[in-house]
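Below are the chains, spelled out letter by letter.
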Amino acid sequence: MHTLILGGTREARDLARMLTEDHHRVTSSLAGRVREPALPPGEVRIGGFGGPEGLAQWITAHGVDAVVDATHPFAERISRSAATAAAATGVPIIALHRPAWSPGPGDRWTPVPDMPAAATAAGGVDKRVFLSIGRQNLHHFAGLEGHVLIRCVEPPEAPLPADHELLLSRGPFEVAGERALLREHRIDTLVTKNSGGDLTAAKLQAARELGVEVIMIQRPEPTAVDRTVHSAAAARQLLP
Ligand code: NAP
């Protein structure tokens, strides 16, 4: 049994660990975006496949029996590619995506469909915005006129807002630290993707406590797969 896990998430690493502990052959695939990625146990390959055709070739050439798309819920292209390649090769595919966050009492969320809508909602000269969206979509926010705190893991290459401060940092984050950060920078608006999971949820609790508005970018439409699960343990149960 050879399982290909499309990874880059904690859930993907958890599943790789579970499968290798059961002596399954596992290859985890990473995009190669982060310089020092957290590596899962088992075999690891790094870099794009060359679209759905390249991925289908890889699946066939390496005798893959099952594909698990455990990529981040906002990694749309690789998920589409995986669904297409699995259909083309006849290999079963499971999507493993952590549940989305939903607002609770006291939250001030403004849901928006995409990055441009988030940039519009975060506009305003007097705003003090915390951009916690990674580095790939920062160009959408280059025109923001307020003060903008940007946090990401690797240095961004995109043009950035005129009045910005850059914080290079990798989660997980604690509520106390997030609260202090929001206070220190007098943030009134947090922009985040609805990634889900608890690694980066502390900022939402801190925002709730401090009455900070949250511009919540909704997830893209999921791709059609054989099964969708929300935890590594549930994915493990579906595999032999
Ligand atoms: P994306 O836009 O869906 O993918 C762009 C291209 O990168 C894909 O077409 C594929 O190239 C390659 N790629 C992406 N994930 C790959 C993987 N796991 N293995 C091999 N190739 C991969 O993806 P993204 O949003 O840039 O995310 C890249 C990776 O970072 C994903 O693995 C994801 O799990 C992880 N990640 C993303 C986010 C996020 O917010 N987007 C957050 C945390 C972690 P080819 O077409 O050449 O195959």
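Remember, it's a predicted structure, so these values are computed and weren't measured experimentally.

Q: Outline the overall build of the protein chain, listing residues and values.
A: Along the backbone of the protein chain there are seven helices and twelve strands. Expressed along its principal axes, the backbone C-alpha trace of the protein chain runs to roughly 55 × 30 × 30 Å. Looking at the protein chain as a whole, 46% of its 240 residues qualify as buried. Nonlocal contacts in the protein chain, meaning residues at least 24 apart in sequence, comprise 64% of its contacts between residues at least 6 apart. If you sum the accessible surface of the protein chain, you get close to 11600 Å²; carbon and sulfur atoms cover 51% of it.

Q: Account for the sheet that holds strand β10 (residues 189–193), with residues named and values stated.
A: Whether parallel or antiparallel, the strands of a sheet pair through hydrogen bonds between backbone atoms. If you trace the six strands from one edge of the open sheet to the other, you get β6-β11-β10-β7-β8-β9, paired in parallel fashion. This sheet does not close on itself; its edge strands, each paired only once, are β6 (109–112) and β9 (164–168). For this sheet, the mean angle separating the axes of adjacent strands, direction not counted, is 20°. Here β6 pairs with strand β11 (residues 213–217) via four bridges, running parallel. Residue pairing across strands places P111 opposite M216, the latter belonging to β11. Contacts from helix α5 (residues 175–184) reach β7 (128–132), β8 (147–152) and β9, with the element oriented near 155° to β8. Set on the sheet, helix α6 (residues 202–210) makes contact with β6, β7, β8, β10 and β11; between it and β10 the angle comes to about 155°.

How each quantity is defined
- Residues numbered from 1 in each chain as written.
- Predicted model: local features only at pLDDT ≥ 70, side-chain atom pairs only at ≥ 80, totals over all residues.
- Heavy atoms only, no water.
- Helix = DSSP H or I, 4+ residues; strand = E, 2+ residues; numbered from the N terminus.
- Buried < 20%, exposed > 50% of the residue type's maximum accessible area, 1.4 Å probe, protein only.
- Contact = heavy atoms within 4.5 Å.
- Areas by Shrake-Rupley, 256 points an atom, 1.4 Å probe, with all protein chains shown as cover.
- Pairing = 2+ DSSP bridges.
- Axes fitted to C-alpha atoms, helices over the stretch in contact; angles between N-to-C directions.

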